[in-house]
Amino acid sequence: ITNPSCLGGSGGMGLPRLGGQGGKGGDVWVVAQKEMTLKRVKDKYPQKRFIAGVGTNSSVRALRGQKGEDQEVLAPPGITVTNDDGMVLGKLNTEGDRVLVARGGQGGSYHSEFLPSKGQTRQIRLDLKLIADLGLVGFPNAGKSSLLTALSHAKPQIASYAFTTLRPEIGKVMYEDHKQISVADLPGLIEGAHMNRGMGHQFLKHVERTRQLLFVVDVCGFQLASKTPFRSAFEAVQLLIKELELYKEDLPCKPAVLVVNKMDLPDAEDKLAELQEQLLNPHEFSHLLPDDMLPKNNMVFRHVVPISAATGFGIAHLKTCIRQSLDKDASMATDSLHRDRLQALCTAYSKRQVL
């Protein structure tokens, strides 16, 4: 989030005849709260202006004025707070961490001829520390580790049993123009992850730290164990969306690409055609899952790419789709930054004209 305007509160007036001191202006803080996301910050503060309270004036009844109320801006953990010049003001690593971004002005006193000072004004940026450009999202054994190997030079642990990835493995996708895109193979998700089953919260915490999502499903479906139900590729997609949604409702709002893996298996083409039809009309196939397993909103994937991580089929096309998706977001972010800066310049110019 760029250019939020933070203004510390002005101090209160002093009282010359009795030597009274005005209250200090309130401060503006950025505070880490686990439930927040950058999208929620934008929705909660659409004006992007944070103004702390003014200190009260000294009076006969209260010679020392009260401090103005602090303004707290809630943000997710993992945020780095910088000023407009890129200087780091502080980092929010865990819930409850606080960064002071704009100090309140001092109250009027003997030393200032009882006149208060104005609060500090500062433009800030809130940047979420990312572990990767893309996060691979899928149930265990969907072929995420094999895909990471096919896309990059990473060498994750690969086996035919379900839980092979126990911590994020980062690979780099290289392009001919020397562009590099980082991809994180995250621990496999299971049904109930939002309730911290399996590696639930550990996985979902990492998902938040990626720019975009790369869903990976087995075209022939998936079964975690003999006692768990078999899930088709379409059901797997719906359940993955639901798990993200239950952890944080706006996680499925991230841009996403769907990778349909294991196209080298028998009947893969027929199953792919069936999946594509289901994705076009998800409501017609909602009866395949119980109501409590259906996501509130269906995701629209920017690309649906059939591949075989084992044979290399479709990998080159997938790399192109990934690049297009990330470049699209980068272009939109640049346009938004230019608009914000132009708005700030226009506002500053208007104020000068008034003066």
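Residues numbered from 1 in each chain as written. Predicted model: local features only at pLDDT ≥ 70, side-chain atom pairs only at ≥ 80, totals over all residues. Heavy atoms only, no water.

Concerning the overall build of the chain
The helix and strand inventory of the chain stands at six helices and 14 strands. Split into buried and exposed, the 355 residues of the chain put 46% on the buried side. Sequence separation of at least 24 residues holds for 71% of the intrachain contacts in the chain that already meet a minimum separation of 6. (Helix = DSSP H or I, 4+ residues; strand = E, 2+ residues; numbered from the N terminus. Buried < 20%, exposed > 50% of the residue type's maximum accessible area, 1.4 Å probe, protein only. Contact = heavy atoms within 4.5 Å.)

Here we look at helix α5 (residues 268-280)
Its 13 residues give α5 an end-to-end C-alpha distance of 18 Å, which sits within 8% of 18 Å, the value for a rise of 1.5 Å per residue. When we look at burial in α5, the residues that qualify are A268, L272, L275 and Q278. Looking straight down α5, one finds its buried side chains confined to an arc of 125 degrees; they lie on one side. Across α5 from its buried face, at more than 90 degrees, point the exposed residues E269, D270 and L280. Elements in contact with the buried residues of α5: α4 (233-247), β13 (256-261) and β14 (303-306). (Expected span 1.5 Å × (residues − 1). Arc of directions from axis to C-beta.)

Digging into the pattern of salt bridges
In total, this model carries 13 salt bridges according to the counting rule given. With its nearest N and O atoms 2.8 Å apart, the salt bridge here joins D329 to R302. One end of the pair, D329, is in helix α6 (residues 315-354); the other, R302, is in the loop between α5 and β14, with 27 residues separating them in the sequence. For R302, a relative accessible area of 28% gives the class partly exposed. Residues joined in a network through salt bridges with shared partners are K24, D27, K67 and D70. (Salt bridge = Lys/Arg side-chain N within 4 Å of Asp/Glu carboxyl O.)

Quick word on empty space enclosed by the protein
Across all of its chains, the model carries two cavities of 30 Å³ or more by this definition. Estimates place the volume of the second largest cavity at around 30 Å³. Along its surface, the second largest cavity is lined by F139, A142, V216, V217, D218, F222 and A236. Broken down by element, the residue count for the lining of the second largest cavity peaks at three residues, all from strand β12 (residues 210-218). Per-class residue counts for the lining of the second largest cavity are six nonpolar, no polar and one charged. (1 Å grid on protein atoms, 1.4 Å probe; cavity = no way out; pocket = protein on both sides within 12 Å on 5 of 7 lines; lining within 4 Å. Points joined across faces, edges and corners; volume = space filled by probe spheres on them. Nonpolar A, V, L, I, M, F, W, Y, C, P; charged D, E, K, R; others polar.)

So, the packing of aromatic side chains
Summed over the entire model, instances satisfying the criterion amount to four aromatic pairs. Ring centres of F139 and F222 lie 5.3 Å apart, and the angle between their planes is 5 degrees; this geometry places the pair in the stacked category. Within this pair, whereas F139 is found in the loop between β9 (132-137) and α2 (144-151), its partner F222 is found in the loop between β12 and α4, the two being separated by 83 residues in sequence. Note on accessibility: F139 and F222 belong to one class, buried. Taken together, a centroid distance of 6.2 Å and an interplanar angle of 65 degrees make the contact between F234 and F285 edge-to-face. Taken together, the residues F234 in helix α4 and F285 in the loop between α5 and β14 connect sequence positions 51 residues apart. (Phe/Tyr/Trp six-rings, centres within 6.5 Å; stacked < 30°, edge-to-face > 60°.)

Describing the nonpolar core
Side chains of nonpolar character tend, in soluble globular proteins, to be buried together. With 29 residues, the main nonpolar core has L213, F215, V217, L258, V260 and F301 as its most contacted residues. Those elements that provide at least two residues to this core are β12, α4, β13 and α5. (Core = buried A, V, L, I, M, F, W, Y, C linked by side-chain atoms within 4.5 Å.)

A few points about the pairing of β14
In the sheet, β13 pairs with β14 via four bridges, with the strands oriented parallel. Note that in β14 the partner of V260 across the bridge is P306. In terms of handedness, the path from β13 via α5 over to β14 forms a crossover that is right-handed. (Pairing = 2+ DSSP bridges. Right-handed = clockwise from strand over helix to strand, strands pointing away.)

Things to note about the packing of α4 against α5
Between α4 and α5, the least distance of the axes is 9 Å, while the angle of their chain directions is 40 degrees. As summarised for this structure, α4 and α5 are arranged oblique, according to the angle between their axes. Contact residues: A233, F234 and V237 in α4; L275, Q278 and L279 in α5. For the contact of α4 with α5, the per-class residue count stands at five nonpolar, one polar and no charged. (Axes fitted to C-alpha atoms, helices over the stretch in contact; angles between N-to-C directions. Parallel < 35°, antiparallel > 145°, perpendicular 65-115°, else oblique.)

So, to be careful, I would describe these as geometric facts and stop short of saying anything about function.
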